[in-house]
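The primary structure of each chain is shown beneath.
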Protein chains: 2
Amino acid sequence: MEYRFSDRIASLQPSAIREILKATSNPEVIPLAAGNPAPDAFPVAEVREIAADIFANRPIDALQYGVTEGYLPLRNRIAEYMKAKHNIGRDFDSIIITSGAQQVMDLSTKVLCNEGDVVIAETPSFIGSLNCFRSYNVRLRGVDVEADGMNVEKLETVLKEEPKARFIYTIPNFQNPSGATMSFEKRRKLYDLACKYDVIIIEDNPYGDLRVAGEHIPAIKSLDEEGRVIYAGSFSKILAPGIRVGYTIAPSQLIAKMTVGKQTSDVHTTIFSQLLVDAWMEGYDFEAHIEKIRGIYRRKLNLMCDCIDSDLGSFCSYVRPQGGLFIWCDLPENVDMLDFCKKAVENKVAVVPGTAFMVEPTDKTNAIRLNFSTPGDDQIVKGLKILGELSKQYK
Amino acid sequence: MEYRFSDRIASLQPSAIREILKATSNPEVIPLAAGNPAPDAFPVAEVREIAADIFANRPIDALQYGVTEGYLPLRNRIAEYMKAKHNIGRDFDSIIITSGAQQVMDLSTKVLCNEGDVVIAETPSFIGSLNCFRSYNVRLRGVDVEADGMNVEKLETVLKEEPKARFIYTIPNFQNPSGATMSFEKRRKLYDLACKYDVIIIEDNPYGDLRVAGEHIPAIKSLDEEGRVIYAGSFSKILAPGIRVGYTIAPSQLIAKMTVGKQTSDVHTTIFSQLLVDAWMEGYDFEAHIEKIRGIYRRKLNLMCDCIDSDLGSFCSYVRPQGGLFIWCDLPENVDMLDFCKKAVENKVAVVPGTAFMVEPTDKTNAIRLNFSTPGDDQIVKGLKILGELSKQYK
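None of the values given here were measured: they were computed from a predicted structure.

*Asks:* Help me understand the overall build of chain A, please; the structure alone is not making it clear to me.
*Replies:* For chain A, the helix and strand inventory stands at 14 helices and 13 strands. A compact globule built from 395 residues would reach a C-alpha radius of gyration of about 21 Å, and chain A, at 21 Å, matches this within 12%. For chain A, the spread of C-alpha atoms along the principal axes amounts to about 60 × 60 × 55 Å. Per-residue burial over chain A gives 57% buried out of 395 residues. Long-range pairs, those at least 24 residues apart, make up 76% of the contacts in chain A between residues at least 6 apart in sequence.

Set out below in structure tokens:
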């Protein structure tokens, strides 16, 4: 038979990254394209202990249906931790556990946007979130990211132009893919603009704990006295992504609707994963584990920057990120960036063309995204050597 | 601030069952409302062994990101098993792992339906699926379920009336909530009508392995030579629901779009859960386990039917199901069914009013749904005694 698809899905293509990642399943290809945590960043011994304990002492808890909102002790534990450590959460807020932070984007769009509404996002931004928004037939507007985060003057212009804007999506810390971190002044300004133009903010913070330099900057959600920020957190980068545990702290009225939405999406998040996170936060020094991860990523980030400087030199300009997993490298105007990415894969180094992350169809970029968490140190060195050799073809 | 919700979610209420289930979190309330597997139906010792092996020998596999389509060995294993055992799957089909079968409904609707399209479902039907369809702003049309399944004459009438019908949703085996099983003749007729009117069929089969009486009837998908059946399977009832592992076997073109949709929903299903199912199917006699579960449910179903017969007698009429988890009890016309359900909870027995499962706003029922898998045997006996006493108030 001939298949007809919904309008929302017909135009949505598999992400360019996923296509490139298929090349990286070839172990000969050096993976600078993915965003996987480093394998040595997983707390394997602790997970082993906790899993043994769960299946020895409370297997039924891990196997039976759970409630859609998530495992209550874990919800309480995260809420208390985020309040104490980051001043996130007010009396009007509540929390649900989600199947990764990706699901926060999905449920937020589901409950907030009609088709044809407008979502404002940093350009470039995380393609998984952008495609999620697109899958609800919303129209995306992009606001450029500067070294200190979203261009807030441009943001106000867009807010004035778009009365159907429903929310602003931002990754304030070590943004994917730009690596930029939003200054406190801009966070305050962004929040004030959201209040002035009566829109919601989705603050996506998967990398916040991965700071390797500079000073911590308070979350936008910590400023939220009006109840207009949906905060998305994740255990993917500090514990493990395969367990699919994220959460959102947001006004209770929104959480109630997101819970109804989640009930129809996947009923609840895997219970074993939730028990695992809860036991890890309760019984182990997870702050020490995060410090350890920071050390790993500090070393890898510095190594990659050194290699870029020595092997690519003036061929590429970048702003050194203060954390996260990615470095955003602008290539010279005269270089055909897509051709460079294609040749890189042919030379067995996978990188992501920056165009994958652009918000509006007319957005242009000549940048590529490099990831330093997935490759081993030797792969970083070798990969940049290959890219350096390749760059000579464009001079 | 004042929140505005999308049209799709504004009218969607938390399910009546979930509200009733809140009462059942009180351990004094006898749970005849839920649909949880019996705790003694979980293969706890096997899961314990497998988990220990996974975290001892391949922890990184369980913790790292996976591909959206699902763990390849598991996909291959299920596809081969379903082909060999049930003749499900053709060359044009493929398979993805989903976060429970619920996600099959979500992704199918996402890729097939525009807002305003029509979905046809058995009435009564599973509220989780109905609410999922509703969350895409489709219009639902109901077709009544008879003792041998969907009324196929009525189905053809609806298909004639609704040119925007995109798919027919059916639970052919031990339907939730009616308990009815569709005859082979009706399966064939349903498939022929789908071909004639060029619509898709979603065959949801969570309970198929839980047959306790009568002869196996081939799946609709086994008849599918045109590629118009989306088959939804689940490990929730035969292994455990807390792990959230379902799957769909469907034409590859649909699967490709569903994969793009899943990427934006939750990236991938929990990897540990997928490794667990794969190891269980590979290394253990899971068919023997399913036989054991059938024995448990046969005993519980028979016990509940005996109790209904002796305690409720002519107060309730029902068709004895050949499997599944539910018994659908019609109350006399003069009884206020909602009042009966309310009084039942007050008397510490939770049951679900049949109205929760109706498809169209004008659909009427005077039935209640009883579940026999969640309560212990003593709770079944005691619960029906209480309902029997309560019924005397209505005579």
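Once you've had a look at it, read on.
*Asks:* Could you clarify how one ought to interpret the nonpolar core in this entry?
*Replies:* Soluble globular proteins: nonpolar side chains tend toward being buried together. The biggest cluster of nonpolar side chains holds 244 residues, and the ones touching the most others in it are Ile 201 and Val 351 of chain A together with Ile 201 and Val 351 of chain B. Aside from chain neighbours lying at most four places away, what touches Val 351 of chain B is Leu 32, Ala 33, Cys 341, Ala 344, Ile 368, Arg 369 and Leu 370 of chain B.

*Asks:* Mind showing me how you'd approach the sheet that holds strand 9 (residues 246-251) of chain B here?
*Replies:* By way of backbone hydrogen bonds, the strands of a sheet pair with one another, either parallel or antiparallel. Residues and elements named next belong to chain B. The 8 strands are arranged 2-9-8-7-6-3-4-5 in an open sheet whose pairing can be described as mixed. The outermost strands of the open sheet, each flanked by one partner alone, are strand 2 (93-98) and strand 5 (149-150). On the sheet, helix 7 (residues 127-134) packs against strand 3 (118-123), strand 4 (139-146), strand 6 (165-170) and strand 7 (200-204) and is oriented at approximately 155° with respect to strand 4. Against the sheet, helix 8 (residues 152-161) contacts strand 3, strand 4, strand 5 and strand 6, and its axis sits at roughly 165° relative to strand 4.

*Asks:* Please explain the packing of helix 3 (residues 44-57) of chain A against helix 11 (residues 271-283) of chain A as it appears in this structure.
*Replies:* In a pair of packed helices, the angle between the axes and the distance between the axes together describe the arrangement. Residue and element names in this part refer to chain A. Viewed as axis vectors pointing N to C, helix 3 and helix 11 meet at an angle of 120°, and their least axial separation amounts to 10 Å. Seen along the crossing, helix 3 lies across helix 11 with a hand that is right-handed. Residues Glu 46, Val 47, Ile 50, Ala 51 and Ile 54 of helix 3 form the contact with helix 11, whose own contacting residues are Phe 272, Leu 275, Leu 276, Ala 279 and Trp 280. Residue composition of the contact of helix 3 with helix 11, by class: 9 nonpolar, no polar and 1 charged.

*Asks:* In this structure, what is going on with the sheet that holds strand 12 (residues 352-353) of chain A? I would like to understand it.
*Replies:* The strand order across the open sheet built from 3 strands is 10-13-12 (chain A), with neighbouring strands paired in antiparallel fashion. Each having just a single partner strand, strand 10 (326-330) and strand 12 of chain A make up the two edges of the open sheet.

*Asks:* Sorry, what's going on with the confidence of the model for chain A here?
*Replies:* Caution applies to low-pLDDT regions: their predicted coordinates should not be interpreted in detail. Mean pLDDT for chain A: 95, with 97% of residues reaching 70 or above. Interface confidence in the predicted complex, given as ipTM, is 0.96; pTM for the same model is 0.96.

*Asks:* Just to check I follow, could you spell out the interface of chain A and chain B for this structure?
*Replies:* Bring the parts together and some accessible area is lost; that lost area is often taken as the interface size. Taken together, the contact between chain A and chain B spans 64 residues of the former and 64 residues of the latter. Mapped onto the side of chain A that touches chain B, the elements with two or more residues apiece are helix 1 (7-10), helix 3, helix 4 (59-63), helix 6 (102-112), helix 7 (127-134), helix 10 (252-265) and helix 11 of chain A. It is helix 10 of chain A that contributes the most residues to the side of chain A that touches chain B, 8 residues altogether. When the residues that make up the side of chain A that touches chain B are grouped by side-chain class, the tally is 31 nonpolar, 22 polar and 11 charged.

*Asks:* Honestly, the relation of the copies chain A and chain B in this entry has me stumped. Any pointers?
*Replies:* There are two copies of the chain, and a rotation about an axis plus a shift along that axis relates them. Under the fitted operation, chain A is carried onto chain B by 0.0 Å of movement along the axis and a turn of 180°, and the coordinates agree to an RMSD of 0.0 Å. Taken together, the rotation angle and the small translation identify this as a two-fold axis. Of all interface residues in chain A, 100% are interface residues in chain B too; the two copies therefore contact each other through one and the same surface.

*Asks:* Please clarify how the pairing of strand 10 of chain A should be interpreted in this entry.
*Replies:* The side chains of a regular strand alternate, residue by residue, between the two faces of the sheet. Residue and element names in this part refer to chain A. Of all 5 residues in strand 10, 4 are buried, a share of seventy percent or more. Bridge analysis of strand 10 against strand 13 (residues 367-371) gives 5 bridges, and the strand direction is antiparallel. Paired with Ile 327 across the strands is Leu 370, a residue of strand 13.

*Asks:* It is not clear to me how the domain arrangement of chain A should be interpreted in this structure. Could you clarify?
*Replies:* Residues and elements named next belong to chain A. According to the domain assignment, chain A consists of domain 1 (7-43 + 288-394) and domain 2 (63-283). Between domain 1 and domain 2, the contact holds 33 residues from the first and 35 residues from the second. Mapped by element, the contributors of at least two residues to the side of domain 1 that touches domain 2 are helix 1, helix 12 (286-312) and strand 10. With 6 residues, helix 12 is the largest single contributor of residues to the side of domain 1 that touches domain 2. For the side of domain 1 that touches domain 2, the class distribution of residues is 20 nonpolar, 6 polar and 7 charged.

*Asks:* Just checking my understanding: could you explain unusual backbone geometry for this structure?
*Replies:* Outside of glycine, negative phi angles account for most residues, and trans bonds account for most peptide bonds. Residue Pro 177 of chain A is bonded to the preceding Asn 176 of chain A through a cis peptide linkage, with omega at 15°. Looking at where Pro 177 of chain A falls in the secondary structure, it is placed in the loop between strand 6 (165-170) and helix 9 (184-196). Residue Thr 123 of chain B is joined to Pro 124 of chain B through a cis peptide bond whose omega torsion reads 5°. Here Pro 124 of chain B shows up in the loop between strand 3 and helix 7. The phi torsion at Lys 348 of chain A lies on the positive side, around 70°, for a residue other than glycine. Relative to the assigned elements, Lys 348 of chain A resides in the loop between helix 13 (337-346) and strand 11 (349-350). In this structure, Arg 244 of chain B is a non-glycine residue whose phi angle is positive, near 55°.

*Asks:* Could you clarify how one ought to interpret helix 5 (residues 72-86) of chain A in this entry?
*Replies:* Structurally, the α-helix is built with 3.6 residues per turn, so residues lying three or four positions apart point the same way. Residues and elements named next belong to chain A. Between its first and last C-alpha, helix 5 extends 21 Å over 15 residues, near the 21 Å set by a 1.5 Å rise per residue. Inspection of helix 5 places Leu 74, Arg 75, Ile 78 and Met 82 among the buried residues, and these make up the whole buried set. For helix 5, the angular spread of buried residues about the axis comes to 100°, placing them on one side. Opposite the buried face of helix 5, at more than 90 degrees from it, the exposed residues are Asn 76, Glu 80 and Ala 84. Buried-residue contacts for helix 5 involve strand 2 (93-98), strand 9 (246-251) and helix 11. In the stretch just after helix 5, Asn 87 is the one whose phi turns positive, near 55°.

*Asks:* Which parts of the structure should I look at to understand the environment of Gln 103 of chain B?
*Replies:* With respect to the helices, strands and loops of the structure, Gln 103 of chain B is situated in helix 6 (residues 102-112). The exposure class of Gln 103 of chain B is buried, given the 30 C-beta atoms found within 10 Å. The spacing of Gln 103 of chain B and Gln 379 of chain B is 276 residues in sequence and 32 Å in space, taken between C-alpha atoms. Those residues in contact with Gln 103 of chain B, other than ones at most four positions away along the chain, are Ser 265 and Asp 266 of chain A together with Thr 98 and Gly 246 of chain B.

The rules behind these values
Every chain begins its residue count from 1, and numbering advances along the sequence as written. Just so you know, chain letters begin at A and ligand numbers begin at 1, following the order they were written in. Note on the predicted model: pLDDT of at least 70 is required for a residue's local features to be given, and 80 or more for side-chain atom pairs to be given and counted; whole-chain, interface and lining totals, by contrast, use all residues. To qualify as a helix, a DSSP run of H or I must reach at least 4 residues; to qualify as a strand, a run of E must reach at least 2; elements of each kind are numbered from the N terminus. Two things to know: the radius of gyration comes from C-alpha atoms, and the globule rule equals 2.2 Å times the number of residues to the power 0.38. Every C-beta atom is placed from the backbone, and the number of other C-beta atoms within 10 Å of a residue's own sets its class: buried at 20 or more, exposed at 12 or fewer, partly exposed in between. C-beta atoms are placed from the backbone for every residue, and two residues are taken to be in contact when these atoms lie within 7 Å. What we call a nonpolar core is a set of buried Ala, Val, Leu, Ile, Met, Phe, Trp, Tyr and Cys residues whose membership is set by joining through C-beta atoms within 7 Å. Here the rule is simple: two strands pair whenever DSSP picks up at least two bridges between them. As a rule, the C-alpha atoms of each element are fitted with a line to give its axis, helices using only the stretch in contact, and angles between N-to-C directions run from 0 to 180 degrees. For a crossing to be left-handed, the near helix must be turned anticlockwise from the far one by less than a right angle; the clockwise case is right-handed. Note on residue categories: nonpolar means Ala, Val, Leu, Ile, Met, Phe, Trp, Tyr, Cys or Pro, charged means Asp, Glu, Lys or Arg, and polar means any other residue, Gly included. The predictor rates its confidence in each residue with pLDDT, a number between 0 and 100. We superpose the copies by least squares over the C-alpha atoms of residues that have a pLDDT of at least 70 in both of them. Residue ranges assigned to the domains are those given by an automatic or database domain assignment. For a helix, the expected span equals 1.5 Å multiplied by the residue count minus one. It is the directions from the helix axis to the C-beta atoms whose arc is reported.

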